[in-house]
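Spelled out from the first residue to the last, the chains are:
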Amino acid sequence: MIEFKDVIKEYPNGFRAVDNLNLTVRDGEICVLIGPSGCGKTTALRMVNRLIDVTRGEILINGQPNDEFEPEVLRRQIGYAIQQIGLLPHMTIRDNVAIVPRLLDWDEERVRQRVDLLLDMVGIDPGIQGDKYPRQLSGGQQQRVGVARALGADPPIMLMDEPFGAVDPITRAILQEEFLQIQQEVGKTIIFVTHDIDEAIYMGDRIALLRAGRLVQYDTPDDLLALPRDDFVREFVGTDRSLKRLHLISVRDSMMNNVPCCDDDATLQEVTACLDRHHSDSAFVVDAGNGKLLGWVERPALVEYGSLSEAMHHAPAASIAVPEDATAREALSVLLSHSFDLTPVIDAEGVLTGGVSIQRLQDLVEEPGIHAAMQRERGR
Amino acid sequence: MTEATKNGAAIAGWRLPYGALLWLLAALLIFAVGQRTVTLHDQEKFIGDFAFAVEQVKGERRLILNLTAGSFVYGVTPEVILPVPTGRFSRGDPSAPQVAQALFDALNSVSEITIAAQTITVAYQGNMEAEQARSRLRRPVNNAVANDRGTITAQVSAAAENTIVFSTSDERFRYAQYQPALVESIEEYDSRAAAEAGSDLARFIVSESRPLESLRLEPTRLVVGYAEGAALEPLARNLREILNDFHPRASLAPSLWLLTAAPEIIPPLLAIAVEPLETGIPLILFTLLMVAVEAGIFFVIPHKGKNNLLIHLLHIAAVFLLFWSILGHEPLWDAILHAIFPTSAQLVHPQGTVIDFAAQHLELVLTSSIYIISGGLFLGVMVTRENFREFLPLVNNVVNSGQTVPTLAIVAIMAPIIGLGFMPAVVALIAYGLLPVVRNTIAGIESVSVSIVDSARGMGMTSQQILLRTELPIASRIIMAGIRTSMVINIGTATLGAFVGSGGLGIPIASGLSMTVDAFILLGAIPAALLAILTDYVLGRLEVVLTPRGLLIET
């Protein structure tokens, strides 16, 4: 647990980079510090491992003030990753990752095992890439190594200052997703600085929005989006905050299980009964044997052709349905691009498991807080 | 061949044993050059000069030709000195008595010829003890000098294996005192007119002493007696003609020279003493050995191991020895300079050999470089530390001004303070050479990006660890470039040391300028230029070796 208690950073010229910051980061959580540039988020981060000294107030790490440690001893217990990565160009990838373990005098065999484990974890092949030098890797790979290095000696706490800032958006998205997977395994207490609200929403368990050194709002992403405290927060999170909230919700959490559907060998009567039961003019058609989504059928066509096999539209499931683990935002996108009232949801095997309707999505973004609770349940 | 092309070839997978081929080429060149025997032309070095030393000794009808400038001083006070055209006679030629004989035969008016021996070198058989050889020689020597006027000091020393040197002049004796290890004992012989006894002595020793294998006379004077009424000037001209035929000859094949260098504490400065060492091993054998070594490296050691420090050091040492051996071969310099200045009487400097000057030069450069590198690194590192950063402009200004003041001026200022000799030159060189090292150290450390230092600190490295494991390795290439610049400039600047008597390759240049002997200027300038190129090569290789591999990869 990291606690900022009335922390002030004042420079000799009187400028306060951080002004009376009170913040608690719980164990195993990612706390994102965000705000416009110059808001003091990086300063706050760097005060944790004493790269910058606190002017007044104190920072407690697991209840112990951080100025009770020698700075070097403290830093070796805290992972540190920055935007510019800062890999040492004259050392191999392995040696870079091994820096902190070696500073801690681990024996070489343990260092080697740890390095292999970490490189594997971040998706770098220790055999092929391990003996290369940083300049031989792409930007994305370097960022991965930067993360592996920060995890070097398995520190309980990590400080990450825009660690995925220097790569293109696609690579960044991949790195973010992978990092969340790693975090699920390792459960570190993380302070994460970014200026990208989307990244903050995606990565953060809690977001601390700073402005001119002061904490404006500290909430879960969902609460921040749903209940912005003032105009500054509202403006900062953007007018598309509802869409952003959808991004936080998975299809699995937002879908309805009971959707009009029928087997492909159903009789005309069975199909009509199903449509009637759901008060719907169309229904999804699934394989009678394995339940996989095959297409859909509409009431007028049924009337016209008189049999399901002739009336139904065949379509590949991937083009009309969304997978269960997609976000509600993706489901909305599919809804908008097809003229369905209901977007079918399929599982990994292509079996129809439910549907998402526009009404349902609207309901979700109107009820603040619920989804955050859902997420916490899922232990994200 | 540059490193870049080498790496390029290696990356493309197209490899040739470049090293072995280059050494083979060198071996072929040395073989071709070594086949030639050249006539040596320098009068001071290889041939006695009697141009100003013709004396007519009153009433004795003799011409005394002093074969060296030095011996003239010790000679009989001349009553008549005749201007005689420049002539030559080989000093140190094994056939000195035969020269006398040739003169005697050729000149009708000559009634007597005597060679005054300065040094008589006697070689004896290998199975004989030095003491035994000396006692065996004592009798003929005593006999030869017994009825002469005056006293000479004959000094017996073991200069080389199975050799005894008799010296008959004070000059030689003084030399021996500097090398006491060589002197076994000094024996005195009563002798009168020892100078004239030289050739008799030589003949006598040859005929009397069984153990002798060879005999060498180094005559300082030729005493030529002439018939009454003979004209002096034609006689002298004739003498010159005959003597000209006795130019010594030498092979152009150099032998391997080594270098012994040891740090030597000269309070209050640490100095490096450098001594050239002739091995007598033909250089061609060394180059052939290197062909074998290079081929071995190429075929035995896998490609990945070839950037090994030891291999680079081997290359550097081998190239240095090749260069050093060429510097050491005096006949080569005589031949080169004679080709450039065919009319010059003086070609090789009388005060020392090229390799002696080069050794003194290296001594100056290496000694000053120790201080430049250690001091420059120290200053550069200090002023980039957080606590001393305010001294950065001061240090910058001081080292800058060190280079703006002309070296000669620094040398001149130092001379009255420290005195003449080695040290003021070293101090001037330090003042002049500090700038590139300090500036590049600062630039190198500043070039390390802030984020790298930040992440190193953030990981918990101490300031010392950051300096040693991060800043210096990353800056090493730029720092090495500064050291390289400094040392190459240093070699050129060190020639100015000659003006305060520090020795070095500046001596032939300075005396060449003052005596208007162009050959001497080149004798200093060519080796100095070669030394600078060699140093640049050596440090270039070291730069590649010492730069961490990760930094050599281009992005």
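Heads up: the structure comes first, above all this text.
Being a predicted model, the structure only gives us computed values, none of them experimental.

## Some points on the overall build of chain A
- From N to C terminus, chain A includes 20 helices and 17 strands.
- Counting over 380 residues, chain A shows a buried share of 54%.
- Partitioning the intrachain contacts of chain A with sequence separation of at least 6 by distance along the chain shows that 61% fall at a separation of at least 24.
- Summing over all exposed atoms, chain A offers an accessible surface of approximately 17,000 Å²; the carbon and sulfur share of this is 47%.

## Some words on the overall build of chain B
- Regarding its fold elements, chain B presents 20 helices and 13 strands.
- Looking at chain B as a whole, 50% of its 555 residues qualify as buried.
- The contacts in chain B between residues at least 6 apart in sequence include a share of 77% that link residues at least 24 apart.
- Summed over all atoms, the accessible surface of chain B reaches about 26,100 Å², with 61% contributed by carbon and sulfur.

## Quick look at the packing of helix H10 (residues 309-328) of chain B against helix H12 (residues 354-383) of chain B
Residue and element names in this part refer to chain B.
- Closest axis-to-axis distance for the H10/H12 pair is 7 Å, and the angle between their directions is 135 degrees. Here H10 is positioned oblique relative to H12, judged by the angle of their axes. Here H10 contributes Phe320, Trp324, Leu327 and Gly328 to the contact with H12, which in turn contributes Val354, Ile355, Ala358, Ala359 and Leu362.

## Examining the pairing of strand E3 (residues 30-34) of chain A
All names here are of chain A.
- Counting buried residues along E3, five of its five residues qualify, which places the element largely inside the surrounding structure.
- Across four bridges, the pairing between E3 and strand E9 (residues 206-211) is parallel. Across the sheet, Cys31 pairs through a bridge with Arg206, a residue of E9.

## Notes on the sheet that holds strand E2 (residues 16-25) of chain A
Residues and elements named next belong to chain A.
- In spatial order, the strands read E2-E1-E4-E5; together these four strands make up an open sheet with antiparallel pairing. Two strands in the sheet have a free side with no partner beyond their single neighbour: E2 and strand E5 (64-65).
- Bridge analysis of strand E4 (residues 56-61) against E5 gives two bridges, and the strand direction is antiparallel. Bridging across to E5, Leu60 finds its partner in Pro65.

## Here we look at the sheet that holds strand E13 (residues 293-298) of chain A
Residues and elements named next belong to chain A.
- Spatially, E11-E12-E13-E14 is the arrangement adopted by the four strands of the open sheet, whose pairing is mixed. The outermost strands of the open sheet, each flanked by one partner alone, are strand E11 (261-263) and strand E14 (313-314).
- In this sheet, strand E12 (residues 282-286) lies alongside E11 in parallel orientation, the contact comprising three bridges. Residue pairing across strands places Cys262 opposite Val285, the latter belonging to E12.

## Here's the deal with the interface of chain A and chain B
- Counting from both sides, the interface comprises 24 residues of chain A and, opposite them, 21 residues of chain B.
- For the pair chain A and chain B, the summed buried area comes to about 2,100 Å², and 63% of that belongs to carbon and sulfur atoms.
- Across the pair Asp454 of chain B and Arg46 of chain A runs a salt bridge, and its minimum N-O distance is 2.6 Å.
- Applying the counting rule to chain A against chain B returns eight residue pairs in polar contact (both at pLDDT 80 or more).
- Mapped by element, the contributors of at least two residues to the side of chain A that touches chain B are helix H2 (71-76), strand E6 (78-82) and helix H4 (99-103) of chain A.
- Along the lines of polarity and charge, the residues of the side of chain A that touches chain B split into 13 nonpolar, five polar and six charged.

## Examining the packing of aromatic side chains
Residues and elements named next belong to chain A.
- Within this structure, the stated rule accounts for nine aromatic pairs over all chains.
- Three or more aromatic residues joined by ring pairs make a cluster, and in this case those are Phe164, Phe179 and Phe192.
- One Lys or Arg, Lys9, reaches over the ring of Tyr11 and ends 5.1 Å from the middle of that ring.

## Some details on unusual backbone geometry
All names here are of chain A.
- In this model, Arg50 sits at a positive phi of 65 degrees, which is unusual for a non-glycine residue.
- Topologically, Arg50 is positioned in the loop between helix H1 (41-48) and E4.
- Its identity is not glycine, yet His279 carries a phi of approximately 50 degrees, on the positive side.
- Turning to its location among the elements, His279 is positioned in the loop between helix H14 (268-277) and E12.
- Note on His279: relative accessible area 75%, which makes it exposed.

## Some details on the pattern of salt bridges
- Evaluated as defined, the whole model comprises 25 salt bridges over all chains.
- Close ionic contact of Arg16 of chain A with Asp19 of chain A constitutes a salt bridge, the shortest N to O distance being 3.0 Å.
- Arg16 of chain A gets classed as partly exposed once you look at its relative accessible area, which sits at 29%.
- Of the charged contacts, one joins Arg385 of chain B and Glu471 of chain B as a salt bridge, the two residues approaching to 3.0 Å between their closest N and O atoms. You can see Arg385 of chain B sitting in the loop between H12 and helix H13 (392-404) and its partner Glu471 of chain B sitting in helix H17 (residues 463-493), a full 86 residues away along the chain.
- Bridged by salt links that share partners, the residues Arg94, Glu109, Arg112, Asp116 and Asp131 of chain A form one connected network.

## Some points on the environment of Leu308 of chain A
Residues and elements named next belong to chain A.
- As for its placement among the helices and strands, Leu308 is situated in helix H16 (residues 308-311).
- Since its relative accessible area comes to 3%, Leu308 is described here as buried.
- Separated by 41 residues in sequence, Leu308 and Thr267 place their C-alpha atoms 7.0 Å apart.

## Notes on the nonpolar core
- With 76 residues, the main nonpolar core has Trp23, Phe286, Trp324 and Leu327 of chain B as its most contacted residues.
- Discounting chain neighbours no more than four positions away, the residues touching Trp23 of chain B are Phe286, Thr287, Met290, Val291, Glu294, Ala318, Val319 and Leu322 of chain B.
- Membership of the second largest hydrophobic core comes to 59 residues, among which are Met160, Ile207 and Leu209 of chain A together with Met461 of chain B.

## Notes on a negative patch on the surface
All names here are of chain A.
- Together, Asp6, Asp53, Glu58, Asp67 and Glu68 make up a negatively charged patch on the protein surface.
- Mapped onto the fold, Glu68 is located in the loop between E5 and H2.
- The exposure class of Glu68 is exposed, given its relative accessible area of 54%.

## Side note on helix H8 (residues 169-186) of chain A
All names here are of chain A.
- Helix length check: H8, at 18 residues, gives a terminal C-alpha distance of 25 Å against a target of 26 Å (1.5 Å per residue), a fit within 8%.
- Buried residues belonging to H8 abut E3, helix H5 (108-121), helix H7 (139-150), strand E7 (157-161), strand E8 (189-193) and helix H9 (197-203).
- Two residues or fewer past H8, Gly187 is found with a positive phi of approximately 55 degrees.

## Some words on the side chain of Gln143 of chain A
Residues and elements named next belong to chain A.
- Inspection of the secondary structure assignment puts Gln143 in helix H7.
- In this structure Gln143 comes out as buried when scored by relative accessible area, which is 2%.
- Other than its neighbours up to four places away in sequence, Gln143 contacts Ile82, Gln83, Ile85, Pro163, Phe164, Gly165, Ala166, Val167 and Leu175.

## Thoughts on a nonpolar patch on the surface
All names here are of chain B.
- There is a patch of nonpolar side chains on the surface, built from Leu16, Leu21, Leu24, Leu28, Ile281, Leu285 and Leu288 and spanning about 600 Å² of accessible area.
- Sorting the residues of the nonpolar patch by element identifies helix H2 (18-34) and helix H9 (283-300) as the ones contributing at least two each.
- It is H2 that provides the largest number of residues to the nonpolar patch, a total of three residues.
- Relative to the helices and strands, Leu285 resides in helix H9.
- A residue is classified by how much of its surface remains accessible, and Leu285, at 49% relative accessible area, is partly exposed.

Here is what the cut-offs are and how they apply
- Residues numbered from 1 in each chain as written.
- Chains lettered and ligands numbered in written order.
- Predicted model: local features only at pLDDT ≥ 70, side-chain atom pairs only at ≥ 80, totals over all residues.
- Heavy atoms only, no water.
- Helix = DSSP H or I, 4+ residues; strand = E, 2+ residues; numbered from the N terminus.
- Buried < 20%, exposed > 50% of the residue type's maximum accessible area, 1.4 Å probe, protein only.
- Contact = heavy atoms within 4.5 Å.
- Areas by Shrake-Rupley, 256 points an atom, 1.4 Å probe, with all protein chains shown as cover.
- Axes fitted to C-alpha atoms, helices over the stretch in contact; angles between N-to-C directions.
- Parallel < 35°, antiparallel > 145°, perpendicular 65-115°, else oblique.
- Pairing = 2+ DSSP bridges.
- Buried area = accessible area lost by both parts, 1.4 Å probe.
- Salt bridge = Lys/Arg side-chain N within 4 Å of Asp/Glu carboxyl O.
- Polar contact = N/O pair within 3.5 Å; in protein donor to acceptor, adjacent residues only side chain to side chain.
- Nonpolar A, V, L, I, M, F, W, Y, C, P; charged D, E, K, R; others polar.
- Phe/Tyr/Trp six-rings, centres within 6.5 Å; stacked < 30°, edge-to-face > 60°.
- Lys NZ or Arg CZ within 6 Å of the ring centre and 35° of its normal.
- Core = buried A, V, L, I, M, F, W, Y, C linked by side-chain atoms within 4.5 Å.
- Patch = residues over 30% accessible without salt bridge, like charges linked within 9 Å, V, L, I, M, F, W, Y side chains within 5 Å.
- Lys, Arg positive; Asp, Glu negative; His and termini not counted.
- Charge placed at Lys NZ, Arg CZ, Asp CG, Glu CD.
- Expected span 1.5 Å × (residues − 1).

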